[in-house]
Amino acid sequence: MSGERREIATSVVNAILDTLGDNDFVNVYRFSDATEELVPCFKDMLVQANMGNIRELRSYLDSARAENIANFSSALITAFEILHKYNRTGKGCQCNQAIMLITDGPPYDYYEIFKQYNLPHTPIRVFTYLIGRDSSNAEEMNKIACTNKGYYVRVSSTSEAREKVLNYISVMARPMVMYQNDHPIQWTPVYAGGKGNYLQSNGGGNLDGQLMTSVSTPVFDRRNYSVRVANLLGVVGTDVPIQQIQKLVQPYKLGVNGYSFIINNNGHILYHPDLRPLFQETLKPNYNSVDLTEVELVDMEGGPRENNTFLLDLRHDMIDQKEGETELSVKVH
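Residues numbered from 1 in each chain as written. Predicted model: local features only at pLDDT ≥ 70, side-chain atom pairs only at ≥ 80, totals over all residues. Heavy atoms only, no water.

K.L.:
I would appreciate a short explanation of the packing of aromatic side chains in the present structure.
P.N.:
The geometry of an aromatic ring pair comes down to the distance between the two centres and the angle between the two planes. This structure, assessed with the given rule, holds seven aromatic pairs. Centroid distance Phe31 to Phe72: 5.2 Å. Interplanar angle 70 degrees. Geometry classified as edge-to-face. Here Phe31 is found in strand E2 (residues 29–31), whereas its partner Phe72 is found in helix H3 (residues 72–89), with 41 residues between them in sequence. By relative accessible area, which is 22% here, Phe31 ends up partly exposed. Classification of Phe72 by relative accessible area gives buried; the value is 5%. Aromatic rings pair up to connect Phe31, Phe72, Tyr108 and Tyr110 into one cluster. Sitting above the plane of the Tyr86 ring, Lys91 keeps its charged end 5.8 Å from the centroid. (Phe/Tyr/Trp six-rings, centres within 6.5 Å; stacked < 30°, edge-to-face > 60°. Helix = DSSP H or I, 4+ residues; strand = E, 2+ residues; numbered from the N terminus. Buried < 20%, exposed > 50% of the residue type's maximum accessible area, 1.4 Å probe, protein only. Lys NZ or Arg CZ within 6 Å of the ring centre and 35° of its normal.)

Given below as structure tokens:
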């Protein structure tokens, strides 16, 4: 694709990336006569959709150029292979898997590929986005999506890209809603906000705020209808100052050499006494994705402090939680 269609396709990819977070794993492929990763160092992998990786994908997306003829068979097989690889090895989030096909139209529906890789159980959903005002390939795109429990939309302008992309979320969420009574509470990464003098008292500059996290859970329509539905009614949530969570473990309870720290379900730090955030009108972008192993080091006898197997095992134990538990860990060391 080129010209206006390329701009629309880029907007669709960016809108999809906007819906992802640290609990998601993603990769973006471009395909012509061959299929290859958009970012060369993301070869043969799905990467965590954190701020750094998303920023890298966006930078390469802007420089991608159209060339040769699109080989849809190669693209679909590559996508299925990488998702099956992660499913077999237990990597990634082990929740939903999906392929987002963004194109101005395939020549046919590629049923044989889906029959080989995805049917009859359809573990991977396929969502199709037809780019441009030409709808001559709509039937093929719609059939691909319906065959693979996905959703088809046509995006004819950049202004409607975000609205059309969001349709996939309700499709992905519906079975999770219908077969799960209790939904886990979600905690956001740390951010600077709220009102208070916490930052000023800790050398944080002139920003009027403090370190915060937000907790939320979805609210669905579960009334008994003749046909089961799973409509999202809204989201309920609140903001929680990190200071308030710290008060759960008072310093006098920890002893002379003890201290508390907080990590989320991805091992990223919300609070740690050895991690001091830097502020320039707002929180540094990467502060909310600092891993525990980047701050905690183990003292080795006769040697320097270093990151070792014990620390990695400790981190794994702290973030390996049972279904239904809150995705926020408060740990004391």
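Still more ground to cover, so stick around.
K.L.:
Where do I start with the side chain of Ser157 in this structure?
P.N.:
One can find Ser157 in the loop between strand E7 (152–155) and helix H6 (161–165). Owing to a relative accessible area of 18%, Ser157 belongs among the buried residues under this scheme. Here the side chain of Ser157 touches Ser159 through a polar contact of 3.1 Å, side chain to side chain. (Polar contact = N/O pair within 3.5 Å; in protein donor to acceptor, adjacent residues only side chain to side chain.)

K.L.:
How do you make sense of the environment of Ala161 when you look at a structure like this?
P.N.:
Tracing the chain through its elements places Ala161 in helix H6. For Ala161, a relative accessible area of 2% translates into the label buried. Expressed as a C-alpha distance, the spacing of Ala161 and Val12, which sit 149 residues apart in the sequence, is 5.3 Å. If we skip the residues at most four places from it in the chain, Ala161 touches Ser11, Val12, Ala15 and Val155. (Contact = heavy atoms within 4.5 Å.)

K.L.:
I'm lost on the pairing of strand E6 (residues 125–131) in this one. Help?
P.N.:
Remark: a regular strand shows side chains that alternate across the two faces of the sheet. Taking burial as the measure, the seven residues of E6 include seven buried ones, the bulk of the element. Taken together, the six bridges between strand E5 (residues 98–103) and E6 define a ladder with parallel strand orientation. Within the sheet, the bridge partner assigned to Met100 lies in E6 and is Phe127. Read from E5 through helix H4 (residues 111–117) to E6, the crossover connection turns out right-handed. (Pairing = 2+ DSSP bridges. Right-handed = clockwise from strand over helix to strand, strands pointing away.)

K.L.:
Before we go on, may I ask you to explain the pattern of salt bridges in this structure?
P.N.:
Any two side chains of opposite charge can pair if their charged atoms end up close together. Tallied over the entire structure, the rule returns seven salt bridges. A salt bridge links Glu36 to Arg30, with the shortest nitrogen-to-oxygen separation between them at 2.8 Å. Put simply, Lys164 and Glu160 hold a salt bridge, and the shortest N to O gap is 3.7 Å. One network of salt bridges, with partners in common, ties together Asp18, Arg58 and Arg162. (Salt bridge = Lys/Arg side-chain N within 4 Å of Asp/Glu carboxyl O.)

K.L.:
Explain the packing of helix H1 (residues 3–18) against helix H2 (residues 51–63) here, please?
P.N.:
How two helices sit against one another is set out by the angle between their axes and by the gap between those axes. Where H1 meets H2, the axes come as close as 11 Å, and the angle between the chain directions of the two elements is 175 degrees. Put simply, H1 runs roughly antiparallel to H2. Contacts between H1 and H2 pair Arg6, Thr10, Val13, Asn14, Leu17 and Asp18 from the former with Ile54, Leu57, Arg58, Leu61, Asp62 and Ser63 from the latter. Tallied by class, residues from the contact of H1 with H2 come to five nonpolar, three polar and four charged. (Axes fitted to C-alpha atoms, helices over the stretch in contact; angles between N-to-C directions. Parallel < 35°, antiparallel > 145°, perpendicular 65-115°, else oblique. Nonpolar A, V, L, I, M, F, W, Y, C, P; charged D, E, K, R; others polar.)

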